[in-house]
Amino acid sequence: MLDLCPEKVDKYEEKLRNFYTEHIHGDEEIRYCLEGSGYFDVRDKDDRWIRIWIKPGDLIVLPAGIYHRSDYALDDREEVLEAWYMDDSTEDQRLPHHREPKELVSLDKLSELGVLSWRLDADNYEADEELKKIRADRGYSYVDFIEVCPEKLPNYEEKIKNFFEEHLHTDEEIRYCLAGSGYFDVRDRNDAWIRVWVKKGGMIVLPAGIYHRFTLDSNNYIKAMRLFIGDPIWTPFNRPHDHLPARKDYIETFVQKDAASPAVDAAA
């Protein structure tokens, strides 16, 4: 039995850091949660982190050889990425615009649309090994920073209006939120809007060819790292631009591919 809390474990902070260092074991790791809660993070086949939240009554088995880490201290942290289906209201774009009742969207659902995300250490971005690995693996050679707020962005009102025009890019759009927060809205396969709330520590990748838009939330501020493969091309193509190769590739990869699956299963 293990009671993991500051009052009952010697060198508590040190042990937490050790648990949270990515590692493997030569045997299974089995944990049965009797009280409290915590996170087990594991790598998927594409080397992205999956966070598993265990609570009383949950038993988890991690296979020998899987890279993982445990976080028992921070299970009350605010999520840095949240997503939901939007209502049809034309009220202030900076409001959440939840449907009633709320329809939340999982990060797995977003990944099916080609939208990738990570939770990173925004306070340590210059030395963050995970960010370095993502950049190396995905070829993000270019980096700059942008602060979006009335005081720091020239032609603020015009640019906010342009950001919120539905558009696509012929390359990925990569943003890493270092401070503040904002909304990235993306279309699902049925052309419905999904609102993705990105907060400090959240990194999001929108695939080339996906229709999307951006707005600040009611806090009116975001500082973001912009990443790119090679020299940056920020050109937006406002909808409709369905004839572009990037749009056709997106439809083929993320819309038509899965849309055809039920018919294949039925035929089988």
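Residues numbered from 1 in each chain as written. Predicted model: local features only at pLDDT ≥ 70, side-chain atom pairs only at ≥ 80, totals over all residues. Heavy atoms only, no water.

Turning our eyes to something else, we now look at the pairing of strand E10 (residues 173-187). Most of E10 sits inside the fold, with 13 of its 15 residues counted as buried. Pairing between E10 and strand E12 (residues 202-206): four bridges, direction antiparallel. Opposite Ile174, over in E12, you have Val205 as the bridge partner. Looking at chain direction, E10 and strand E14 (residues 222-228) are connected through six bridges and run antiparallel. Residue Cys177 lies in a different strand from E14, and its bridge partner there is Ala224. (Buried < 20%, exposed > 50% of the residue type's maximum accessible area, 1.4 Å probe, protein only. Helix = DSSP H or I, 4+ residues; strand = E, 2+ residues; numbered from the N terminus. Pairing = 2+ DSSP bridges.)

This brings us to the UniProt feature "binding site: Fe(2+)" (unreviewed entry) in the protein chain. The sites that UniProt annotates as "binding site: Fe(2+)" (unreviewed entry) are His167, His169, Glu173 and His212. These residues run over 46 residues, yet every pair of their C-alpha atoms falls within 11.6 Å of each other. With respect to the element layout, His167 can be found in strand E9 (residues 167-168). Taking relative accessible area as the criterion, His167 reaches 7% and is therefore assigned buried. If we skip the residues at most four places from it in the chain, His167 touches Asn162, Glu173, Ile210, Tyr211, His212, Arg213, Pro236, Phe237, Asn238 and Arg239. (UniProt positions renumbered as here; feature names shortened; annotations may be inferred. Contact = heavy atoms within 4.5 Å.)

Here we have three strands laid out as an open sheet, ordered E3-E2-E5, and antiparallel in their pairing. Looking along the sheet, the strands with just one partner apiece sit at the ends: strand E3 (49-54) and strand E5 (68-71). Direction aside, the axes of adjacent strands within the sheet are offset by 20 degrees on average. Direction of pairing for strand E2 (residues 38-43) relative to E3: antiparallel, over a ladder of six bridges. Within E3, the residue paired with Val42 across the bridge is Ile50. Sheet strands touched by helix H1 (residues 12-20): E2, E3 and E5. Its angle to E5, the strand with the most contacts, is close to 145 degrees. (Axes fitted to C-alpha atoms, helices over the stretch in contact; angles between N-to-C directions.)

Burial within strand E6 (residues 81-85) is extensive, with four of its five residues counted as buried. For E6 and strand E11 (residues 193-199), the ladder comprises five bridges, and the chain directions are antiparallel. Paired with Glu82 across the strands is Trp197, a residue of E11.

What follows is about the packing of aromatic side chains. The geometry of two aromatic rings is summed up by the distance between their centres and the angle between their planes. According to the stated counting rule, one finds 10 aromatic pairs in the structure shown. For the pair Trp84 and Tyr183, a centre-to-centre distance of 6.0 Å together with 80 degrees between the ring planes defines the contact as edge-to-face. Of this pair, Trp84 sits in strand E6 while Tyr183 sits in strand E10; the two residues are 99 residues apart in sequence, bridging distant segments of the chain. The same class applies to Trp84 as to Tyr183, namely buried. With 5.2 Å between their ring centres and 35 degrees between their planes, Tyr250 and Phe254 make a pair best called tilted. In this pair, Tyr250 and Phe254 both sit in helix H5 (residues 245-259), four residues apart, roughly one turn of the helix. On the basis of relative accessible area, Phe254 is assigned to the partly exposed category, the value being 22%. (Phe/Tyr/Trp six-rings, centres within 6.5 Å; stacked < 30°, edge-to-face > 60°.)

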